[in-house]
Every structure is written in C-alpha cells, then in structure tokens.
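Spelled out, the chains give:
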Amino acid sequence: QVQLVESGGGLVQPGGSLRLSCAASGNIFSIYAMGWYRQAPGKERELVAVMVNSGATNYEDSVKGRFTISRDNARNTAYLQMNSLRPEDTAVYYCNAAAALGSNTRIFWGQGTQVTVSS
C-alpha cells in the first residue's frame, strides 16, 4: 500500500556531506512514522534515525549531532542530511515507513541506496 523510493547516495570523502531523499507514494495518509536504517556488509541492519508525525525524533548514538532527519509538509518525503561523514558510515541506507492500515501496523521498505565514505 506504500511505495518508497530512495535517492541521493553516492561516494563522498570523510568529513563530507550527503543528503538522502525518500519519496513515499500510495496510502501516504496512513503513514505515522518514517525513518532511515542502514546495513553494512556482514553487519546487522540498524536504525539510523526516525521521525513520527508529531515531529519527535530518535537517532542512533553514533550519528547524533551529525545526521538530521526531516520530512516535508505533506509528510510524504523524508530526508536524511548527513554531515561529518566517517568511513564507518559506509552502508546501504534504507528508507522505511510505518503505516496504520485497518487495524494493523505495516512496515514498508525502499530498495536502498549505497553510501560510501572513502578518500
């Protein structure tokens, strides 16, 4: 019921910045939270940042003060501004959305976008 498309990944030098975008379509009015996860090779997928409709946010400890999640006025696009990037930030970044569909909460995922931090 919800489709997510990420963009904005790429190669950046340590200390550089990238801005990821995630566009949601479908039953967007049912979305109550959007967020970003990442997965590095051989590692577990982990939460990076999430924002609920109230505007409250939560961040993984290692990105606090460096990354900022935001959503547009229609709440159908999420952004992740990534500053002061480190090599350990290298991962595939996935957008996700939580939606209330009927009596159920469903989680949707984008296809992922590669972020590589290297000199």
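## Details of the side chain of Ser21
Next, step 1: Mapped onto the fold, Ser21 is located in strand S3 (residues 18–26).
Next, step 2: Discounting chain neighbours no more than four positions away, the residues touching Ser21 are Val5, Glu6, Ser7, Trp36, Ala78 and Tyr79.

## Things to note about the pattern of salt bridges
Next, step 1: Within the structure shown, the criterion is met by 5 salt bridges.
Next, step 2: Ionic pairing is found between Glu46 and Arg38, a salt bridge with its closest N-O pair at 2.8 Å.
Next, step 3: The residue Arg38 makes a salt bridge to Asp89 at a minimum N-O spacing of 3.0 Å. Here Arg38, found in strand S4 (residues 31–39), pairs with Asp89, found in the loop between strand S8 (77–82) and strand S9 (91–101); they are 51 residues apart in sequence, far enough to count as distant.
Next, step 4: On the accessibility criterion, Arg38 (6% relative accessible area) is buried.
Next, step 5: One salt-bridge network, held together by shared partners, links Arg38, Glu46, Glu60, Arg66 and Asp89.

## Details of the state of the cysteines
Next, step 1: Following the criterion strictly, the structure yields 1 disulfide and no others.
Next, step 2: Between Cys22 and Cys95 runs a disulfide, and the two sulfur atoms are separated by 1.9 Å. Linking Cys22 and Cys95, the disulfide has an S-S dihedral of approximately -80° and is accordingly described as left-handed. Taken together, the residues Cys22 in strand S3 and Cys95 in strand S9 connect sequence positions 73 residues apart. Comparing Cys22 with Cys95 shows no difference in burial state: the two are buried.

Criteria and cut-off values
- Residues numbered from 1 in each chain as written.
- Predicted model: local features only at pLDDT ≥ 70, side-chain atom pairs only at ≥ 80, totals over all residues.
- Heavy atoms only, no water.
- Helix = DSSP H or I, 4+ residues; strand = E, 2+ residues; numbered from the N terminus.
- Contact = heavy atoms within 4.5 Å.
- Salt bridge = Lys/Arg side-chain N within 4 Å of Asp/Glu carboxyl O.
- Buried < 20%, exposed > 50% of the residue type's maximum accessible area, 1.4 Å probe, protein only.
- Disulfide = S-S within 2.5 Å.

Purely geometric stuff here, so don't read any function into it on its own.
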